[in-house]
Structures are given as C-alpha cells and as structure tokens.
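Coordinate inspection notes
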Protein chains: 2
Amino acid sequence: MTADLSPTDRSTVRRGRERAQTDRQALYDVLSEALVCHLSVVVDGLPFVIPTGFGHDEGTLYVHGSTGSQSLRGGEGLPVCVAVTLVDGIVYARSVFHHSMNYRAAVIHGVARPLEGDEKTHGLKVITEHLAPGSWEHCRPPTRKELAQTAVLALDLHEASVKLRRGGPKDEDDDLTYPSWAGVLPVRQVFGDPEPCDLLADEVSVPSHVRARPPGS
Amino acid sequence: MTADLSPTDRSTVRRGRERAQTDRQALYDVLSEALVCHLSVVVDGLPFVIPTGFGHDEGTLYVHGSTGSQSLRGGEGLPVCVAVTLVDGIVYARSVFHHSMNYRAAVIHGVARPLEGDEKTHGLKVITEHLAPGSWEHCRPPTRKELAQTAVLALDLHEASVKLRRGGPKDEDDDLTYPSWAGVLPVRQVFGDPEPCDLLADEVSVPSHVRARPPGS
C-alpha cells in the first residue's frame, strides 16, 4: 500500500520541484537502501548533526543511539530533522555550472520520542535487521542490561520529503557543441567478501544472510 | 604538514573516546574521500539538515548551495554543523548488542560565511574539483550570471572532530563460543562505467580524468 506524503511548509521542496517525489513508496525505497542516517538536533540554540544507524517499518523511523549521547537527551519530545541520502552518480556537464549529482534523498521532520519496554525492543530489532538482516534470529539476544544501555528514538514518517535527480546532464543549448565530455559516472555502494573474526572457530561458515546479502539491502 | 585539531567542549567526542582521532590529516582524508556532506542549520528554532556538495583546501571547508535555498540564507554569520561520513563495513558480532559499523566520520562546527567575488570563484572551483576532478579546466567556465545564481559558504576547519571504528567485532568473552558467525562485511563506494550523454558527438571520447578516476577521489 502506498500513500502520498503529506508535506508541510518546511518539508515542501522549494528548489528543483521537478526533483521532488511525493510517493510514500519512494520514501521507503530510500530508507531501505541506505545504511546510515544523519540526525540533527538543536543544542543550546546551535545546530548539531551526527551519523547514526536506523531502521523503519510502516510509518515509523527508528534511530539508534547510546543513552550517553548528548544529542539524544531531552526526554519527551525532542525536535529532530533526519536526512537519508544515496549518491547514484556524478553528472559531468559541458559547463562547470551544470555539473551535478544523481541522488535520492529523504528529509524527515518531527518530534522524536525515546522508547521503553517492548516498544524499545521492537525498535532495536528493526534497527538491527536494517543494519544486518538475519542477525536478530542468528545471534545472542540483548539482555535487560544491554537494552538499558541502548537508546532508541521513534519518529513518525509523516512530515517527509523525497528529492531525487537522475539522468544525464542538462546543458544550455549553446553549450552542446562545446568540446568537453558530458555524461554520468555511476556511483554505487557494494559489499566486499565477508571477513571472519580472528577468534571464530574454523567450523563456523559464513551464513547465507551475510554471504548472499544483496547490494542495497 | 599536519597539526592536531583543536576540539572545543561541543566537538569533543564523549562516546567511544578510543574512536576519536585528533590528527588533522585524518580529517582531510575523510573530507577527500566523501562525495557529499550533511549541512545542518537552525531554522525558526528547529533543526534542519540537507545533503550537499562540498570541497576543502588547507583549513577551509566550502559548501555548495543555491541562493534560493532557505537553509543558506542568513547573511553574515550562519551557525552550521557539517557531518561527513564514510561507511566502511558492517560489523557482525555474536550478540545483537555488539553489532556495529566500521566508519570514518568528521563533524565540523562553526559560523559559515557566504563568499563573493574572487573568493566565491575559488570556492566553486574547489567544490567542482572535489565533485569532478579535472572538470574546472576541461569545461566551459561559469559566467558572471551563473556565479550570481550560486551560493558558496566557507567554514573554518578549526572546530572539528573525527571519529572512526575499524576492525572486527568486540564480543563479550562469554559469547565467544556462541554458535553465530562473527566478522565484518566490507562496504565501499565504487564508480561504474562512464555513461556518455545521448547528445554527445561520437568523436568525443571519455577523458582520462573521468575514465581513470580512482575510487575514493
């Protein structure tokens, strides 16, 4: 099921409206493929941004943090803005001015709330399965003490915008005969070969959820 | 020449001090390899963060934007925080709790100033050469009108921290015999084959600065 996003004034894309996407599935696609988000908060009136792990399910973004992190303190109702960005290519134009990047980017605004109890365990499961699909079942589950040392924030995926650029350069007509190369250099994130821990027993082989993890998952 | 970074209270890494780097070269290495930064500002008392292009030279970060972007308005003295993040691997531990990510991340605090005149042209050159090394000389230079349509912010690389994690999982001793796989799945960003613009004349071959662009440049 997909539904249009409901952008408010601040989440309405002002620049490059043709690059804005309002389909909820476009938001989920960006969130599913990215490995980190950038979480910004206001601290003492000044901006602060850090990269962190995240995950999402229907309608909710879960953001991971330590309970010791200054950016995640604030109790109930911490205003946040979260960006999730995928770079897809470098756009080489005939002019310097029209150089660009192909990308997909989600920006989410809202008030994050720290989770406790079963909700926190669920949020941590979603974040873990995003980072390392299959690990929640495969590995030793978190203890009560470990859960207490972990902070999980939840943010409604209501006020969000998705913007993207794709395709080749858009040069001025007058530049089309300029003697420079023009096109796109694709960029993608790939996984290398799994590197087992030095302390791992020889008989433990790489499980399929790691060995066969597809790119962009 | 390298010099220690000079972290202030807010740029001092509180969590995981063993992951903090204070060497200036570590900062430049992260900045050189990443393709985008995340720029955060405070708008009406609330956090706002967007991905954007950037570049750097000795001591200065240059950030690209359109003069129409709400986040880049603010005239002289716009407090910003910029994060530049590279993901190097997924760390699979024997326990869910010790799952992690290998990464290198720079966070820079400061007051950004909009550039004009020759400084702006220099900043745009640095940003262009970061995005597409070789393009500044190869392509049609910006006109006065195009320069007027571009905003370039400069930020001193003084108040910055670099944090990284590398290596394998750090499991609890009691977990070392837990029957799950543990290790690192490397992540890296790669370039694909250049895709020429449909409108490009057949005789224009891919130049070496595009064809032979090394990963992480």
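Structural notes, computed from the coordinates. Note that this is a predicted model, so its numbers are computed, not measured.

1. Some words on the pairing of strand 7 (residues 100-114) of chain A
Walk down a regular strand and you will see the side chains alternate between the two sheet faces. Residues and elements named next belong to chain A. With eleven of 15 residues buried, strand 7 lies mostly within the body of the structure. Two strands pair when backbone bridges link them, and strand 6 (residues 78-92) and strand 7 are joined in this way by 13 bridges, in the antiparallel orientation. Paired with T85 across the bridge in strand 7 is A105. Here strand 7 runs beside strand 9 (residues 159-165); their pairing, made up of seven bridges, is antiparallel. Note that in strand 9 the partner of I108 across the bridge is A160.

2. Quick look at the relation of the copies chain A and chain B
Each of the two chain copies can be generated from the other by rotation about an axis followed by a shift along it. If you rotate chain A by 180° and push it 0.0 Å along the axis, it lands on chain B with an RMSD of 0.0 Å. Here the symmetry operator amounts to a two-fold rotation axis. Nearest to the rotation axis, the C-alpha of Q189(A) is located 2.2 Å from it, this being the minimum over chain A. Comparing interface residues between copies, 100% of those in chain A also lie at the interface in chain B; the contact surface is shared.

3. Focus on the interface of chain A and chain B
The figure often quoted for interface size is the accessible area lost as the parts come together. Between chain A and chain B, the residue contacts involve 84 residues of the former and 85 residues of the latter. The junction of chain A with chain B conceals about 7,500 Å² of combined surface from both sides, 70% of it contributed by carbon and sulfur atoms. Area buried by chain A at its contact with chain B is led by V96(A), R140(A) and W181(A), which between them contribute 11% of it. Linking chain A to chain B there are two salt bridges. Between D175(B) and R140(A) there is a salt bridge, and its shortest N-O distance comes to 2.5 Å. Counting every contact that joins chain A to chain B gives 23 residue pairs in polar contact (both at pLDDT 80 or more). Contributing elements (two or more residues each) for the side of chain A that touches chain B: strand 2 (37-43), strand 3 (46-52), strand 6, strand 7, helix 2 (117-131), helix 3 (135-138), strand 10 (183-191) and strand 11 (195-196) of chain A.

4. Considerations on the environment of R188(B)
All names here are of chain B. Following the sequence through the fold, R188 ends up in strand 10 (residues 183-191). Classification of R188 as partly exposed rests on a relative accessible area of 46%. Separated by 99 residues in the primary sequence, R188 and G89 have C-alpha atoms spaced 7.7 Å apart.

5. Some remarks on the packing of aromatic side chains
Residue and element names in this part refer to chain A. Throughout the structure, instances matching the rule amount to two aromatic pairs over all chains. Look at Y92 and W181: their rings are 5.9 Å apart centre to centre, the planes differ by 65°, and that puts the pair in the edge-to-face class. Of the two residues, Y92 sits in strand 6 while W181 sits in the loop between strand 9 and strand 10, which places them 89 residues apart along the sequence.

About the criteria used
- Residues numbered from 1 in each chain as written.
- Chains lettered and ligands numbered in written order.
- Predicted model: local features only at pLDDT ≥ 70, side-chain atom pairs only at ≥ 80, totals over all residues.
- Heavy atoms only, no water.
- Buried < 20%, exposed > 50% of the residue type's maximum accessible area, 1.4 Å probe, protein only.
- Helix = DSSP H or I, 4+ residues; strand = E, 2+ residues; numbered from the N terminus.
- Pairing = 2+ DSSP bridges.
- Least-squares fit on C-alpha atoms with pLDDT ≥ 70 in both.
- Contact = heavy atoms within 4.5 Å.
- Buried area = accessible area lost by both parts, 1.4 Å probe.
- Salt bridge = Lys/Arg side-chain N within 4 Å of Asp/Glu carboxyl O.
- Polar contact = N/O pair within 3.5 Å; in protein donor to acceptor, adjacent residues only side chain to side chain.
- Phe/Tyr/Trp six-rings, centres within 6.5 Å; stacked < 30°, edge-to-face > 60°.

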